[in-house]
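Okay, here's what each chain looks like letter by letter:
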Amino acid sequence: PPGKIGRAYGALKRIITLISLLVAKKPDAALIFASDGWSAIEKGFMIWICNCAKCETLIFPRAGNLIQQTRESKIMLGAIKRLFSYASIFLCQGPSWKRYALETLGFSEKRVHTINNWTATEEKLEIGSLRNYEANPSPVHILFVGWVEEFKGVFDLLTACLVLKESKLDFKLTLAGDGSAFKDANEFVQRHDLGRHIEFAGWVESTDLDKLLKSGDIFVLPSWSEGLPNAMIEAMAAGLAVVVTSVGVVPDFIESNQNGILIPPRSPEELSRALRTLLTDKAFRVRLASNGRLTAMKKFAAKQSIAELSSVVEQLSDRTN
């Protein structure tokens, strides 16, 4: 993730680009994705700019931490409520976001639409359909995909793996990603003699990620905060059993011990317990994986979600014309 100077430069560049497009192209509408913190403020400012240019906007927040930030800070709540109020449509990833839009930000029902994440692509679902659950992998392959950062729960995961190693369990963990904690994470592995169990794949492109999903059995993402992680949905579509923290809007879609396992954030003990269960109980692991894939097909299939988004955009277009 970029530092403060990089973030400021990127924000300025994006705003200049937006203004240039509004002047040159005169679009009818803009679809704006937002994270939390300063990203949400920046995107709120973009909504206001679009409003000044008579351009309709659809705001689509993606980081569940924004809900928590506005609960904890009246200043943040006031800023987001004011800036987002200029949006024509508020798009939600699930029930928690819809309640937030209606009850916290004061949007009317007709301006709020639910569009599920669409990262369960045909390619990922095909990986799941071809998975052989009858095989007995040795060792069982655990996969982490994300920024190698403390707030992603990387050291919680490494600590949990240390517990699994001391319990004489056979497993392999691949961490796919890069970040500021990469060096410290490597040192942790070396210091605790975990090299036989853990490997660092670094940043991976889509083809390499597909290979990891094909070889993986369990997906784990012990983040301290999330919205609705793309990596989790891709793993579910590919037929992996998922272990994730109960943050953001994840609990809207994961029912613990049914289509995944939910654990509290910052809890290596709960994480090691969940992983131990999946490592030692194949039938349970397969059941979670199968149910998770069905959830991905029903809730997050790309064709369905994009069709729903297209319908909302068309309705907005009819209104502007």
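Coordinates for the structure precede this section.
K.L.:
Would you mind going over the state of the cysteines with me for this structure?
P.N.:
Covalent bonding between the sulfur atoms of two cysteines is what defines a disulfide. Enumeration according to the criterion identifies zero disulfides in this entry. Lacking any disulfide linkage, C52 is separated from the closest cysteine sulfur, that of C50, by 9.3 Å.

K.L.:
I would appreciate a short explanation of the sheet that holds strand β2 (residues 56–61) in the present structure.
P.N.:
Where strands meet in a sheet, backbone hydrogen bonds hold them as pairs that are either parallel or antiparallel. Pairing is parallel across the open sheet formed by four strands, whose spatial order is β1-β2-β3-β4. If you trace the sheet from one side to the other, it starts and ends with β1 (29–34) and β4 (112–114), each paired once. Direction aside, the axes of adjacent strands within the sheet are offset by 25 degrees on average. The pairing of β1 with β2 spans six bridges and is classified as parallel. Paired with A34 across the strands is P61, a residue of β2.

K.L.:
Whenever I open this one, helix α10 (residues 230–237) confuses me. Can you help?
P.N.:
Along an α-helix, residues three or four apart share an orientation, since each turn contains 3.6 residues. For α10, a buried count of seven out of eight residues is recorded, marking the element as mostly surrounded by other parts of the structure. Listed in full, the buried residues belonging to α10 are A231, M232, I233, E234, A235, M236 and A237. In this fold, the buried residues of α10 make contact with α6 (122–129), β5 (140–145), α9 (206–215), β8 (218–221), β9 (241–245) and α12 (282–299). The first or second residue beyond α10 is G239, which carries a positive phi of 90 degrees.

K.L.:
When you look at the nonpolar core in this model, what are you seeing that I'm missing?
P.N.:
Most often, soluble globular proteins keep nonpolar side chains buried together rather than apart. If you look at the biggest cluster of nonpolar residues, it comprises 93 residues, and the most contacted ones within it are I80, F84, F90, L157, F219, M232 and V243. Broken down by element, this core gets its largest block of residues, seven residues, from helix α7 (residues 154–166). Residues within four places of F219 in sequence aside, it is in contact with L143, V145, A231, M232, A235, L240, A241, V242, V243 and V244. By size, the runner-up hydrophobic cluster in this structure holds eight residues, among which are L58, I89, L91 and V312.

About the criteria used
- Residues numbered from 1 in each chain as written.
- Predicted model: local features only at pLDDT ≥ 70, side-chain atom pairs only at ≥ 80, totals over all residues.
- Heavy atoms only, no water.
- Disulfide = S-S within 2.5 Å.
- Pairing = 2+ DSSP bridges.
- Helix = DSSP H or I, 4+ residues; strand = E, 2+ residues; numbered from the N terminus.
- Axes fitted to C-alpha atoms, helices over the stretch in contact; angles between N-to-C directions.
- Buried < 20%, exposed > 50% of the residue type's maximum accessible area, 1.4 Å probe, protein only.
- Contact = heavy atoms within 4.5 Å.
- Core = buried A, V, L, I, M, F, W, Y, C linked by side-chain atoms within 4.5 Å.

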